[in-house]
2 protein chains.
Amino acid sequence: MDDITGLAALARRYWGKRDTKLILPTNSSLSVTLDQDHLRSTTTSRCDPSFEKDRLWLNGKEEEIKPGGRLAVCIEELRRLRKEVEKKADEPKISDLHLHICSYNNFPTAAGLASSASGFAALVSSVAALYKLPATPSQLSLISRQGSGSACRSLFGGFVAWEMGEKSDGTDSFAVEVAPQDHWPEMHALICVVSDDKKGTSSTSGMQRTVETSALLQHRIKHVVPQRMADIKKAILAKDFDTFAKITMQDSNQFHAVALDTDPPIFYMNDVSRSIIALIVELNRASVAAGGKIKAAYTYDAGPNAVIYAPEGNLKEIINLVVTYFPQADAFKDPFKMFAAGQEEPGKLPLPAGFNEAVAKKFDVGSVKGLIHTRVGDGPRVLGDSEALLDASGMPKTLA
Amino acid sequence: MDDITGLAALARRYWGKRDTKLILPTNSSLSVTLDQDHLRSTTTSRCDPSFEKDRLWLNGKEEEIKPGGRLAVCIEELRRLRKEVEKKADEPKISDLHLHICSYNNFPTAAGLASSASGFAALVSSVAALYKLPATPSQLSLISRQGSGSACRSLFGGFVAWEMGEKSDGTDSFAVEVAPQDHWPEMHALICVVSDDKKGTSSTSGMQRTVETSALLQHRIKHVVPQRMADIKKAILAKDFDTFAKITMQDSNQFHAVALDTDPPIFYMNDVSRSIIALIVELNRASVAAGGKIKAAYTYDAGPNAVIYAPEGNLKEIINLVVTYFPQADAFKDPFKMFAAGQEEPGKLPLPAGFNEAVAKKFDVGSVKGLIHTRVGDGPRVLGDSEALLDASGMPKTLA
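The structure displayed is predicted, hence computed values, not measured ones.

The rules behind these values
- Residues numbered from 1 in each chain as written.
- Chains lettered and ligands numbered in written order.
- Predicted model: local features only at pLDDT ≥ 70, side-chain atom pairs only at ≥ 80, totals over all residues.
- Heavy atoms only, no water.
- Helix = DSSP H or I, 4+ residues; strand = E, 2+ residues; numbered from the N terminus.
- Rg over C-alpha atoms; globule rule 2.2 N^0.38 Å.
- Buried < 20%, exposed > 50% of the residue type's maximum accessible area, 1.4 Å probe, protein only.
- Contact = heavy atoms within 4.5 Å.
- Areas by Shrake-Rupley, 256 points an atom, 1.4 Å probe, with all protein chains shown as cover.
- Lys, Arg positive; Asp, Glu negative; His and termini not counted.
- Charge placed at Lys NZ, Arg CZ, Asp CG, Glu CD.
- Salt bridge = Lys/Arg side-chain N within 4 Å of Asp/Glu carboxyl O.
- Buried area = accessible area lost by both parts, 1.4 Å probe.
- Polar contact = N/O pair within 3.5 Å; in protein donor to acceptor, adjacent residues only side chain to side chain.
- Nonpolar A, V, L, I, M, F, W, Y, C, P; charged D, E, K, R; others polar.
- Core = buried A, V, L, I, M, F, W, Y, C linked by side-chain atoms within 4.5 Å.
- Pairing = 2+ DSSP bridges.
- Axes fitted to C-alpha atoms, helices over the stretch in contact; angles between N-to-C directions.
- Parallel < 35°, antiparallel > 145°, perpendicular 65-115°, else oblique.
- Least-squares fit on C-alpha atoms with pLDDT ≥ 70 in both.
- Phe/Tyr/Trp six-rings, centres within 6.5 Å; stacked < 30°, edge-to-face > 60°.
- Lys NZ or Arg CZ within 6 Å of the ring centre and 35° of its normal.

1. Description of the overall build of chain A
Part 1: Helices and strands together make up the secondary structure of chain A, namely eight helices and 16 strands.
Part 2: For 400 residues, the compact-globule estimate of 2.2 N^0.38 gives 21 Å, and chain A sits close to it at 21 Å.
Part 3: Over its C-alpha atoms, taken along the principal directions, chain A stretches across nearly 70 × 50 × 40 Å.
Part 4: Counting every position in chain A, which comprises 400 residues, the buried fraction comes to 57%.
Part 5: A fraction of 76% describes how many contacts in chain A between residues 6 or more apart in sequence connect residues 24 or more apart.
Part 6: As displayed, chain A has an accessible area near 16100 Å², and 52% of this comes from carbon and sulfur atoms.
Part 7: Across chain A, the mean location of the 47 positive side-chain charges is 3 Å away from that of the 49 negative side-chain charges.

So, in structure tokens, the structure goes:
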């Protein structure tokens, strides 16, 4: 039995598949794997002769494993690789046994926080460890990609590229590490949870409508993304936050532009999202106007939540800014001890010099439901037995 | 002295200039001129030996006429044409006299209702009539274009194209009639006034940032707009509302997509605008699902206000739908007597069969501040003396 944590991968988005069954994307993409101390998918998998069928529990609720579905495809592929291991080495024939898999996300599912990406990555990692597969993260990414496209990137920590590949069988469409976590550990992120409502449009159906109807998507794919991919990789390797930030924001905007160019149009950002953009744009404008640098970059995936990237040293100012405009019901959890306990309170400190306060209105409590301060993180971890989600009989502990 | 009303021209947008001084657009565009019984710019112009300088009053407030500014350029051009008239014919030499111009819009200025388009069109028409210029509307559109790009289209009633032209001096960038008002008088429009706040980004500075920074704009201009222009002209000539509606909505979305692809991004639509889109998308979906046709088309210019185009017969249903989700502080002014007085109330009638009520939430009173029901209109009209805005001494009556 093995416990594996996956992780939320949030950043450069992919949108549009050239093959929906194999989940082959229309363009390469890049993501930052975030710290699983703050955002985590934990998965336990086990196989046992007593199990009568493959079963999955997700966040405490049993989910059907549909034959031929994405989950079944991933499990089948992992079994096939286990059989190869069993053929070559003196390993027990566990590939014939049924699997029980139990997974838990500590953040809202289907609210645009990439829960399926981290969930599928954790699942594939967990079963691969159970099966003792001699596979590299890139090889495993070929499997997790077929569960949820973005999941292929979450097999790595740090900064990760999903190379779209060219082959029709998808064997060259996998993730590679651009730089590990410890290359640029100062890269922090503030996640602004704008809504945990179920999304109006699921990523899967939304992106297919964009492929079919957007007149701008093909231009973006062919003539914009490749250069941006090359440029942002270079920026990461050079730890050039200025360039990283510019590309991140421009590409977030362009992703939402092609969503809007879809028929009927898709909107993920709402008035709260727009106001967070206005705050970051003004923060950067005021800084650059005073001879400084770009301080932060916003990015939005398929939902209204903002992820704000910034060097660690800027986070205090950013958190104070966001809380000033979006007062919080609960006290800010300050995992990095940015604010002097008992002396400083986020939202009560002065705004940066030269900041034009009129760029956004001050919202009601609850408009931003929560703030998560995190940073670039590592890849899947094998956890100890004490964190197992299945009990000795192979049933979820949380249901017991 | 002549009084001329201009008109609000709302619909296919132009965005991006290839020459900012001459106001030459990056693409051709199309508009529907709306009925001045409901949306109107009224302008009175007069010249007199007693006037000491050119003066302009706009909505009761005197505005500076900056030397070399857009207004000054228009006036200069009109004077030049008057001088040609005076040279050829036995006409009084009034081109040497100073002008007093008084203009009034009966709708909010700078809130995205094309007030500058109708205002400049009315101004040019008024002075041209005062000067008895033998100019066609297309010739006058060359002048009004230099005041406000969109104004060139408002010199015509009905359905109007602004052909971008190719020449660097702008002499082939003018408006032409696609079809007059009486070709398709059943084309009605419902304007939803979402906000009369001053816009965050003026059209002029916004469109230049888009030209400079959007990676998608050039593709839109070169590869999308020309075909859409040809298709929508054909649809208008054939009175094919289905095609007209599809192109109108897609192009509205794409215009806002390139605004969003601007750096920093430009947002004109807000959550109220998005919800109006959701209502129209669902109205059309339910109709098509039941074997019917597309019932309405939304379009948004550089602001949050929706303009909903529909055949006259659909307006009652549309008004009822909008008022159901956006309750009105004031009773709906019903210029076309859609609702039986004393018996039917907008917002209280049943929604269309099969309409999914969950596509939008019901908003508070005031989210949509007003509704204007209008239709395709005629071009500039010369009004009688009783409607003059200047008194016998050449001063604005409203200030007296």
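2. Quick look at the pattern of salt bridges
Part 1: In total, this model carries 44 salt bridges over all chains according to the counting rule given.
Part 2: For Glu282(A), the salt bridge identified is with Arg285(A), shortest N-O distance 2.7 Å. Note that Glu282(A) and Arg285(A) are positioned in helix α7 (residues 271-289) at a spacing of three residues, about one turn of the helix.
Part 3: Here Arg381(B) ties to Asp378(B) by a salt bridge, and the two come within 3.0 Å at their closest N and O atoms.
Part 4: Through salt bridges with shared partners, a single network forms among Asp35(A), Asp37(A), Arg375(A), Asp378(A) and Arg381(A).

3. Brief notes about the environment of Ile308(B)
Residues and elements named next belong to chain B.
Part 1: Tracing the chain through its elements places Ile308 in strand β14 (residues 306-311).
Part 2: Look at Ile308 and you get buried, because its relative accessible area is 1%.
Part 3: A C-alpha to C-alpha distance of 16 Å links Ile308 and Trp184, two positions 124 residues apart in sequence.
Part 4: Beyond its immediate stretch of four places on either side in the chain, Ile308 contacts His188, Ala189, Leu190, Cys192, Ile276, Ile280, Ala296, Ala297, Tyr298, Ile318 and Val322.

4. Focus on the interface of chain B and chain A
Part 1: Listed as interface residues are 26 residues of chain B and, on the opposing side, 26 residues of chain A.
Part 2: Taken together, both faces of the contact between chain B and chain A bury some 2200 Å²; the carbon and sulfur share is 64%.
Part 3: A per-residue breakdown of the area chain B buries against chain A is headed by Leu216(B), Phe267(B) and Arg274(B), which together make up 26% of the total.
Part 4: Between the two partners, chain B and chain A, sit zero salt bridges.
Part 5: Summed over the shared surface of chain B and chain A, the number is 10 residue pairs in polar contact (both at pLDDT 80 or more).
Part 6: Those elements that provide at least two residues to the side of chain B that touches chain A are α5 (217-237), α6 (241-260) and α7 (271-289) of chain B.
Part 7: For the side of chain B that touches chain A, the element with the most residues is α6(B), which contributes seven residues.
Part 8: For the side of chain B that touches chain A, a count of residues per class yields 13 nonpolar, seven polar and six charged.

5. Side note on the nonpolar core
Part 1: Judged by nonpolar contacts, the single largest core of 139 residues is most densely connected at Leu190(A), Phe244(A), Ile276(A), Leu190(B), Phe244(B) and Ile276(B).
Part 2: Ignoring sequence-local partners within four residues, the contact set of Ile276(B) consists of Cys192(B), Val194(B), Tyr300(B), Ala306(B), Ile308(B), Phe326(B) and Val368(B).
Part 3: Core analysis: the next-biggest nonpolar cluster, separate from the first, contains 26 residues, Leu56(B), Leu78(B), Ile94(B) and Val124(B) among them.

6. Regarding the sheet that holds strand β15 (residues 370-375) of chain A
Residue and element names in this part refer to chain A.
Part 1: The four strands lie next to each other as β13-β14-β12-β15, forming an open sheet whose pairing is antiparallel. Whereas interior strands pair on both sides, the edge strands pair on one side only; in this sheet they are β13 (297-300) and β15. Pairs of neighbouring strands in the sheet enclose a mean axial angle of 25°, with direction left out of account.
Part 2: Examined bridge by bridge, strand β12 (residues 187-193) and strand β14 (residues 306-311) share six bridges and lie antiparallel to one another. Across the sheet, residue Ala189 finds its bridge partner in β14, namely Tyr309.
Part 3: In the packing of helix α6 (residues 241-260) onto the sheet, contacts are made with β12, β13 and β14, and the angle to β13 comes to roughly 30°.
Part 4: In this fold helix α8 (residues 315-325) packs onto β12, β14 and β15, with an angle of close to 10° to the strand it touches most, β12.

7. Points about the packing of α6(A) against α6(B)
Part 1: Remark: α6(A) packs on α6(B), axes separated minimally by 8 Å, with the N-to-C direction vectors making an angle of 180°. When the axis of α6(A) is compared with that of α6(B), the two are roughly antiparallel. Within the contact between the two elements, α6(A) uses Asn253(A), His256(A), Ala257(A) and Leu260(A) and α6(B) uses Asn253(B), His256(B), Ala257(B) and Leu260(B).

8. Notes on the environment of Ala290(A)
Part 1: On the secondary structure map, Ala290(A) appears in the loop between α7 and β13.
Part 2: Separated by 63 residues in sequence, Ala290(A) and Ala353(A) place their C-alpha atoms 8.9 Å apart.

9. Observations regarding the relation of the copies chain B and chain A
Part 1: When chain B is brought onto chain A, the operation consists of a screw motion whose angular component is 180° and whose axial shift is 0.0 Å, with 0.1 Å RMSD remaining. Both copies are brought into coincidence by an operation consistent with a two-fold rotation axis. When C-alpha distances to the rotation axis are compared across chain B, the minimum falls at Ala257(B), with a value of 2.1 Å.
Part 2: A symmetric contact is evident, with 100% of the interface residues of chain B recurring at the interface of chain A.

10. Points about the packing of aromatic side chains
All names here are of chain A.
Part 1: For the structure shown, the criterion picks out 16 aromatic pairs over all chains.
Part 2: Measuring from centroid to centroid gives 5.8 Å for Trp184 and Phe244, while their planes differ by 75°, and the two rings are edge-to-face. Of this pair, Trp184 sits in the loop between β11 (174-179) and β12 while Phe244 is found in helix α6, placing the two residues 60 residues apart along the sequence.
Part 3: Exposure remark for Phe244: the relative accessible area of 1% places this residue in the buried category.
Part 4: Three or more aromatic residues joined by ring pairs form one cluster here, namely Phe159, Trp184, Phe241, Phe244 and Tyr309.
Part 5: Its end group placed over the ring of Phe363, Lys361 keeps NZ or CZ at 4.8 Å from the ring centre.

11. Notes on the side chain of Ser144(A)
All names here are of chain A.
Part 1: For Ser144, the location among the structural elements is in helix α3 (residues 137-145).
Part 2: The class for Ser144 is buried, based on a relative accessible area of 0%.
Part 3: Of note is the side chain of Ser144, whose polar atom sits 3.5 Å from the backbone oxygen of Ser141.
Part 4: What Ser144 contacts, discounting residues up to four positions off in sequence, is Phe120, Ala121, Val124, Ala151, Cys152 and Leu155.

12. Some words on the side chain of Ser45(B)
Part 1: By secondary structure assignment, the location of Ser45(B) is in strand β6 (residues 40-47).
Part 2: For Ser45(B), the side chain forms a polar contact with the side chain of Ser126(B), separated by 2.6 Å.

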